[in-house]
Each structure stands twice: as C-alpha cells, then as structure tokens.
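A look at the structure
Listed below are the residues making up each chain.
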Amino acid sequence: GRERAGGARDMSGGFAVLLDDVEDLAQDLARFALADAPASCSDRDASGSDDDDDGRLRQRGADIVRVASSTVAPPERPLTSTPPRVILLDDPVSCADAMRELIARGEPCAVDFEGVALSRTGAISLAQVAPPNGPVYLVDVACMGAAAFNEGRLGELLGAKHPLKLVFDCRGDADALHHQFGVRMRGVFDVQVAFCLKKDEDHGGKRGAYLMGLRKALKECPGLDDETRDELERVKSAGAALFAPELGGSYDAWTERPMHPDLIRYAAADVTYLHHMHRTWRAFVGEKKMAAVTERRMRERIESPEGLEQGTEQARRRGSRREKFF
C-alpha cells in the first residue's frame with residue numbers, strides 16, 4: 001500500500017492513514033471497453049517443491065514458521081482482523097532462502113516499501129513481500145543494505161517477470177530501487193491503476209480529475225467487515241504515532257533496531273489486502289495493457305530529472321498535471 005512517510009490525513013470512516021506522496025495528480029483516463037480487456041492476470045499454481053532443509057529463518061520480534069511447499073494454489077486467505085504471520089529477515093542467507101522459495105512457487109507477491117523520505121534521494125529501510133496466504137516477509141534493508149538485493153536475492157525476485165508483483169502506485173518505489181540499488185522492477189501489476197479504471201466503469205468514465213490513493217481503495221475494498229476496518233485503523237494509528245513528525249514521531253523510527261512491534265504490524269498491514277484487491281479488480285484491465293502502463297509509469301519516473309518531489313505542497317502543485325493510462 002502507498003501509506004508511508006508523508007502527511008497524515010484522517011480518512012472518512014476514521015482511518016488515520018499516512019500517505020507517502022499519494023499524489024493528487026489530475027489525469028484524463030481514456031474510456032476503456034471492458035470487453036477489450038480480458039482478465040488474464042490470474043494467480044499461478046505453486047510449482048515449488050523445495051525440501052524443508054534450508055535451515056530455520058531467524059526470529060526477531062515475530063513468530064517464524066517455514067512455509068511448506070505445495071503443488072496446488074492455496075485457497076484465498078479470509079479477510080479477517082486476525083493479523084498475518086510475520087517473518088523478519090535480517091541476514092542475507094535467510095533472505096535468500098525465502099526469496100528462492102517465493103520465486104520457485106511462482107505465486108503473485110504483494111510488495112511495498114517503508115523508509116525515510118522514500119525516493120531516489122531518501123532511504124529504503126524495509127521491504128514487505130507477501131504471497132497470497134502469507135506469511136508477510138519483512139526484509140530489513142536498513143540492516144543488510146545492498147546485500148538484501150544481491151546475496152539476499154530480493155533484487156532477483158523484483159526484477160523477474162514471474163512471480164507477479166502487486167504494488168499500489170509503482171512510481172516512487174521504482175525510482176528509489178533503480179537509483180539507490182540498481183534494481184529495475186518487472187512483472188508488476190499496479191493495483192492503483194486497476195482501481196482507477198474500476199471507478200471509471202462505475203461512473204461512466206467520469207470518475208473525477210484525481211488519481212485514487214490507497215485510503216480510498218481500502219475504504220472500497222469488498223469483504224472488509226467493521227471489525228477488520230476498526231483493527232486496521234488501530235494498527236495504522238499506532239504505527240503512524242511512532243514515525244509521523246506531526247503526530248510526535250520521527251522518520252528515524254524506521255531505522256531503529258529492534259523494530260517496534262507497532263511498526264511491524266503497520267508494515268504488514270500495507271500488503272495484507274493487495275491480493276484481494278487484485279483478485280477483485282483485475283478484470284478491469286488486461287495483462288498486456290497493465291504491463292505496458294506500469295512499464296511506462298516506472299520508466300517516466302526513473303528517467304525524470306527531478307524524480308519524486310517530496311511534501312504535500314509539491315504534491316498539490318502537481319495536481320494540475322494530467323496523466324493518461326492509455
């Protein structure tokens with residue numbers, strides 16, 4: 001999800017959400033015929049069969065259980081307030097074990113990043129990677145540095161066409177990854193694009209002038225009951241209080257170790273619902289069109305001289321610029 005260091009905003013319904021430059025970019029989406037966009041971004045069956053002999057993943061601040069290999073795709077994880085299992089990876093060997101298993105299984109992975117002023121000039125502190133039914137892997141980039149992407153094989157997973165990576169607004173992440181670590185993401189499904197096209201369909205092409213952020217997507221995500229929404233509010237509020245300066249926190253909280261349990265829960269929540277959003281809204285855009293859109297959005301941000309401008313004032317000034325997906 002795109003909820004990270006940035007300005008704190010209260011969402012309708014009580015969500016206290018931190019937005020990492022979820023930009024109010026004006027855009028003019030072309031009308032898109034649903035019949036011309038077959039849903040082809042389907043979940044792939046797991047194919048990995050690695051034996052459970054690669055050693056135990058290290059535990060620090062989270063319960064660790066090795067994910068058993070499977071020959072069939074698991075059923076979808078129910079949308080409940082029960083938090084997912086979290087595994088913190090803070091050394092390259094354990095990270096490589098986990099990434100190798102995810103690559104072999106080939107299931108879509110929800111991906112997000114946390115950090116300080118996350119951009120080409122900021123700092124990536126944490127990467128979240130989650131297969132459909134968990135666990136949520138928290139890759140400690142602040143601890144491992146470039147080794148997380150190299151020896152830890154996170155860069156291999158992000159740069160491979162498969163498995164499919166589910167993100168919400170790929171631009172800032174792509175900019176930071178490329179300029180800081182030389183990683184170019186491939187095989188990306190941007191849930192923000194699918195959600196905006198869904199809103200176009202709902203309103204006959206008159207969704208409005210602005211891109212939709214994660215807060216709006218979570219509000220409209222089907223299947224979230226009141227208990228789940230209330231718990232998500234509590235998790236996001238507790239995490240935000242630790243790193244949002246306007247709430248008395250500090251961005252440096254993402255670099256402090258051991259990581260605070262509230263930040264672990266906050267980071268895990270960012271990727272928990274992306275799989276369900278993907279399953280629900282992928283019918284609004286075909287695989288080839290999504291691939292073309294995400295590649296263009298990432299390329300334009302990476303090649304832009306200024307990159308991602310930081311701060312809510314700059315985001316407001318960008319509001320007059322229009323972006324066409326197709």
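Scroll up for the structure.
This section reports on the structure supplied with the text. Residue indices follow the written sequence of each chain, beginning from 1 at its first position. It should be noted that, the model being predicted, local features are given only for residues of pLDDT at least 70 and side-chain atom pairs only at 80 or more, the latter also being counted only at that level, while totals for whole chains, interfaces and linings use all residues. Side-chain calculation: all heavy atoms of the structure are included, whereas hydrogens and water are not.

1. Re the pairing of strand β4 (residues 109-116)
Note on classification: 1.4 Å probe, protein chains only; a residue is buried when its accessible area is under 20% of the maximum for its type, exposed when over 50%, partly exposed between these limits. Starting at the N terminus, helices and strands are each numbered in turn, a helix being any DSSP run of H or I of at least four residues and a strand any DSSP run of E of at least two. Among the eight residues in β4, seven count as buried, and that is most of the element. Note on pairing: two strands pair once DSSP finds at least 2 bridges between them. Summarising the sheet, β4 and strand β7 (residues 165-167) pair through two bridges and their orientation is parallel. From the neighbouring strand, A110 faces β7, where its bridge partner is L166. Of the strand pairs in this sheet, β4 and strand β5 (residues 123-130) are connected by seven bridges, and their pairing is antiparallel. Counted as the bridge partner of V116 is A123 from β5. Hairpin connection of β4 to β5: six residues between the antiparallel strands, including A117 at a positive phi of 45 degrees.

2. A look at a negative patch on the surface
To count toward a patch, a residue needs a relative accessible area over 30% and no salt bridge; like charges are then connected within 9 Å, while nonpolar side chains (Val, Leu, Ile, Met, Phe, Trp, Tyr) are connected within 5 Å. Accessible areas in this description were obtained via Shrake-Rupley with a 1.4 Å probe; residue shielding takes into account the shown protein chains only. Throughout this description, the term salt bridge denotes a Lys or Arg side-chain nitrogen within 4 Å of a carboxyl oxygen of Asp or Glu. His is not counted, nor are the chain ends, whereas Lys and Arg count as positive and Asp and Glu as negative. Note on charges: their place is set at NZ of Lys, CZ of Arg, CG of Asp or CD of Glu. Among the surface-exposed residues, D225, D226, E227 and D230 lie close enough to one another that they form a single negatively charged patch. Relative to the helices and strands, D225 is located in the loop between α6 (214-220) and α7 (226-243). D225 gets classed as partly exposed once you look at its relative accessible area, which sits at 37%.

3. What to know about the pairing of strand β3 (residues 86-89)
Of the two faces of β3, the one carrying V86 and L88 and the one carrying I87 and L89 are both buried. Bridge count between β3 and strand β6 (residues 136-140): four bridges; the pairing is parallel. The partner of L88 across the bridge, within β6, is L138.

4. Quick look at the environment of S237
The residue S237 is located in helix α7 in this model. Under the relative-accessibility criterion, S237 is labelled partly exposed at 25%. Taking the C-alpha atoms as reference points, S237 and L247, separated by 10 residues in sequence, lie 9.6 Å from one another.

5. Focus on helix α8 (residues 261-272)
Every α-helix carries 3.6 residues per turn, so stepping three or four residues along brings you back to the same face. Multiplying 1.5 Å by the residue count of a helix minus one yields the expected span of that helix. With 12 residues, α8 ought to run about 16 Å at 1.5 Å a step, and its terminal C-alpha atoms sit 16 Å apart, in line with that. Burial analysis of α8 places 10 of its 12 residues in the buried class, which makes it a mostly covered element. Among the residues making up α8, those that are buried are D262, L263, I264, Y266, A267, A268, A269, D270, V271 and T272.

6. Regarding the sheet that holds β3
In sheet architecture, strand pairing relies on hydrogen bonds along the backbone and comes in two forms, parallel and antiparallel. One open sheet accounts for six strands, arranged β3-β6-β5-β4-β7-β8; its pairing is mixed. Both edges of this open sheet fall to β3 and β8 (188-190), since each of them pairs with a single strand only. On average, each strand axis in the sheet is inclined to that of its neighbour by 30 degrees, with strand direction left out of account. Residue contacts are counted whenever heavy atoms from the two residues lie within 4.5 Å of one another. Angular values range over 0 to 180 degrees, each being the angle between N-to-C directions of two axes fitted as lines to C-alpha atoms, with helices fitted over their stretch in contact. Across the sheet, helix α4 (residues 170-181) touches β4, β5, β7 and β8, and the angle it forms with β5 is around 120 degrees.

7. Description of the pattern of salt bridges
Enumeration according to the criterion identifies 18 salt bridges in this entry. Among the salt bridges present, the one from K198 reaches E220, with a minimum N-O distance of 3.6 Å. Separated by 22 residues along the polypeptide, K198 in helix α5 (residues 191-202) and E220 in helix α6 bring together distant segments of the chain. The class of K198 is buried, set by a relative accessible area of 14%. Look at E220 and you get partly exposed, because its relative accessible area is 23%. Here K216 makes a salt bridge to E220, at a shortest N to O gap of 3.2 Å. One end of the pair, K216, and the other, E220, are both in helix α6, four residues apart, so they sit about a helical turn from each other.

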